[in-house]
Every structure is written in structure tokens, then in C-alpha cells.
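# Structural characterization, general
Listed below, chain by chain, are the residues.
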Amino acid sequence: MAEGLILAALGGVLIGLLLTLFGGGGSVLATPWLIYVVGVADTHAAIATSAAAVAVNAATGLAAQARAGRVKWPCATVFAIAGLAGSVTGAWLAMMVDGAMLIRAFGAMMIAIAVSMLIPRKSEGDPAVRLTGTMIWKLAPVGLVAGLAAGFFGIGGGFLIAPGLMAATGMTLANASASSLLSVTLFGSATSATYALHGQLLWPLFAALVAGGAAGTVLAMPLLRRMEGRAALLRYGFAGLVIAVGAYILLR
């Protein structure tokens, strides 16, 4: 049991680091880590536990980004509220799917996420963007879809949230990555709460993931400025890792 907790904590460090640096993507490694590294046999329990830990780790990252002034709260709030219904619905649907089929679908989703990360994103945008009525109608549908995916697969959904925020509002990549953490926090909370009601959350592993995630967030903050010139290269390398893990799941 102690070895499993240590491995879970190490996974939390990795997830917290990636969540803070990229505003998403890192959470997709949480469930495979629990299943293939820690040894959790129940796919649904792994999804529930990872979703809960990702929510807490994202909240830690959100607090750090808020102190840095990067979060666009009005836009982020509209997106997150729209996605809450989707995340609860997604989690409910996932509980009705066989665990083996669900993890295979998860592997396919990992590859799709990685491919989306390879698409070049413009860092330019309006750093002073403000919420308008037109933006609300753009933000809400994308938020709903992102929440549905986050709930079904137990992921943060940041890979959908940051691009969605940029497309709907014209904000910068830095602001979108920071603002996306609000939705990651709420989606993960809703997903894990849905599973917890059915007794499928592993609390000791959750605590280990959270502790590791907090350390990962602390490690990530000094790296944010240093990696500005290498962000694209790091993202490509990370996307390659996610593709490899997704392929392993599908071929296993």
C-alpha cells in the first residue's frame, strides 16, 4: 500500500507540473498512471480518483495564476458554468459503460488530445479582453461539449477549454491557459462527486495525488517564464508522450 501511495504522489507531481505549464493535457495521464503504474484494477475507480485529484491540483494552479493576474474571470466563469451540466452527464454515462471498453475509448481520446496539441496556436490576442453578450453565446456551447468530455473520460478538459476560450473571446494563450483552470477545477469536482456518490473514489490515492500535485505546481511556476521561448518544442514532446501512452492502451 505504501508503494502505491508513493507512486501516486509521483504521478501527482507530473500532473500538477503539466497542468500549470500548459493549462491542460497533464490530467489525461492521471488515469493511465493509476491503472498501469499504481495498479488500480477498477477503471471507474481510477477515473473517479484522478478526476478528484486533478480538480484539486487545478485549483492550486488557478490560485497561483490568479495571483499573477492572468485569469479572465468573467469569461472563465461563463465557460465553466455552461460545462458543469455536461460534466455531470458525462460521468453518469461513463458509469454505464464497461470498464474495458471505457479504457479503450480513453486511449483513443488521448491520441485525439495529443493531435490537437500539435496544432499551432497563436499567442497573439487581446490581453485586455472583456466579456460581451456575443461572447456568451460562443462560450456556452463549447463549454458544454468540453464538460461532457471531461465528465465521461475523467479528464480536466483543458485541451478543449483553452482553444475554446481563445476562439470565443480573442484572449491570449497565456490568459486562456490560466483561465481554463477554473473549468478544469469545476469539471473535475462534478465528475468525482458523481462517482463518489456510488462509492468509487479511492481516498488514500486521491490524497497522494493531491500532495504530489501541489509540489508539481510549485515546481512549475518558476519554469513558466523560462520556457516561453521553448513552449512549442516542449508541447510537441509532451504530445508525443501522450500519443505513445494512448497507443499502448489501445494495443494492450
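The notes below deal with the structure included here. Just so it is clear, the structure is predicted and the values come from calculations on it, not from any experiment.

Another point: the overall build of the protein chain. Helix and strand content of the protein chain: ten helices and zero strands. For the protein chain, the sequential pattern of α-helices and β-strands runs α-α-α-α-α-α-α-α-α-α. Counted over contacts in the protein chain with a minimum sequence separation of 6, partners at least 24 positions apart contribute 86%. Surface exposure of the protein chain reaches about 10800 Å², of which carbon and sulfur atoms provide 71%.

For the rest of this paragraph, the subject is the side chain of Lys 72. You can see Lys 72 is positioned in the loop between helix 3 (43-67) and helix 4 (73-94). It is Asp 126 that comes nearest to the buried, bridge-free Lys 72 among opposite-charge side chains, at 6.9 Å. Apart from the residues lying within four places of it in its own chain, the contact partners of Lys 72 are Pro 127, Ala 128, Val 129, Met 171, Asn 175 and Ser 179.

Let us look at the layout of surface pockets. Here the second largest pocket defines a volume of roughly 150 Å³. Looking at the second largest pocket, the residues that line it are Leu 14, Leu 29, Pro 32, Trp 33, Tyr 36, Val 37, Leu 241, Val 245 and Tyr 248. Secondary-structure elements contributing two or more residues to the lining of the second largest pocket are helix 2 (30-38) and helix 10 (231-251). Ranked by residues supplied to the lining of the second largest pocket, first place goes to helix 2 with four residues. Partitioned by chemical class, the residues of the lining of the second largest pocket number nine nonpolar, no polar and no charged.

Let us look at the nonpolar core. Counting 60 residues, the largest nonpolar core has Val 28, Leu 29, Phe 106, Met 110 and Leu 139 as the members making the most contacts within it. When residues in this core are grouped by element, the largest group, seven residues, is from helix 3. Dropping the residues within four chain positions of it, Met 110 is found in contact with Val 28, Leu 29, Pro 32, Val 242, Val 245, Gly 246 and Ile 249. Ranked by size, the runner-up nonpolar core spans six residues in total, among them Ala 91, Ala 94, Leu 102 and Tyr 195.

Let us now look at helix 3. An α-helical turn contains 3.6 residues, so any two residues separated by three or four positions project in the same direction. Over its 25 residues, helix 3 runs 36 Å from end to end, which matches the ideal 36 Å to within 8%, given 1.5 Å per residue. In terms of burial, helix 3 is largely enclosed, as 19 of its 25 residues are buried. The backbone nitrogen of His 44 has a side-chain oxygen 2.9 Å away, supplied by the residue at the start of helix 3, namely Asp 42. The positive-phi residue at the C-terminal boundary of helix 3 is Gly 69, with phi of around 75°.

Here Ser 87 shows up in helix 4. Here Ser 87 falls in the buried class, since its relative accessible area comes to 0%. Of the polar contacts made by the side chain of Ser 87, one reaches the backbone oxygen of Leu 84; its length is 2.7 Å. Sequence-distant contacts of Ser 87, that is, excluding residues within four places in its chain, are made with Gly 147, Leu 148, Gly 151, Phe 187, Ala 190 and Thr 191.

A contiguous nonpolar patch, built from Trp 92, Leu 93, Met 96 and Leu 148 and spanning about 420 Å² of accessible area, is present on the exposed surface. Inspection of the secondary structure puts Trp 92 in helix 4.

Thresholds applied
- Residues numbered from 1 in each chain as written.
- Predicted model: local features only at pLDDT ≥ 70, side-chain atom pairs only at ≥ 80, totals over all residues.
- Heavy atoms only, no water.
- Helix = DSSP H or I, 4+ residues; strand = E, 2+ residues; numbered from the N terminus.
- Contact = heavy atoms within 4.5 Å.
- Areas by Shrake-Rupley, 256 points an atom, 1.4 Å probe, with all protein chains shown as cover.
- Buried < 20%, exposed > 50% of the residue type's maximum accessible area, 1.4 Å probe, protein only.
- Lys, Arg positive; Asp, Glu negative; His and termini not counted.
- Salt bridge = Lys/Arg side-chain N within 4 Å of Asp/Glu carboxyl O.
- 1 Å grid on protein atoms, 1.4 Å probe; cavity = no way out; pocket = protein on both sides within 12 Å on 5 of 7 lines; lining within 4 Å.
- Points joined across faces, edges and corners; volume = space filled by probe spheres on them.
- Nonpolar A, V, L, I, M, F, W, Y, C, P; charged D, E, K, R; others polar.
- Core = buried A, V, L, I, M, F, W, Y, C linked by side-chain atoms within 4.5 Å.
- Expected span 1.5 Å × (residues − 1).
- Polar contact = N/O pair within 3.5 Å; in protein donor to acceptor, adjacent residues only side chain to side chain.
- Patch = residues over 30% accessible without salt bridge, like charges linked within 9 Å, V, L, I, M, F, W, Y side chains within 5 Å.

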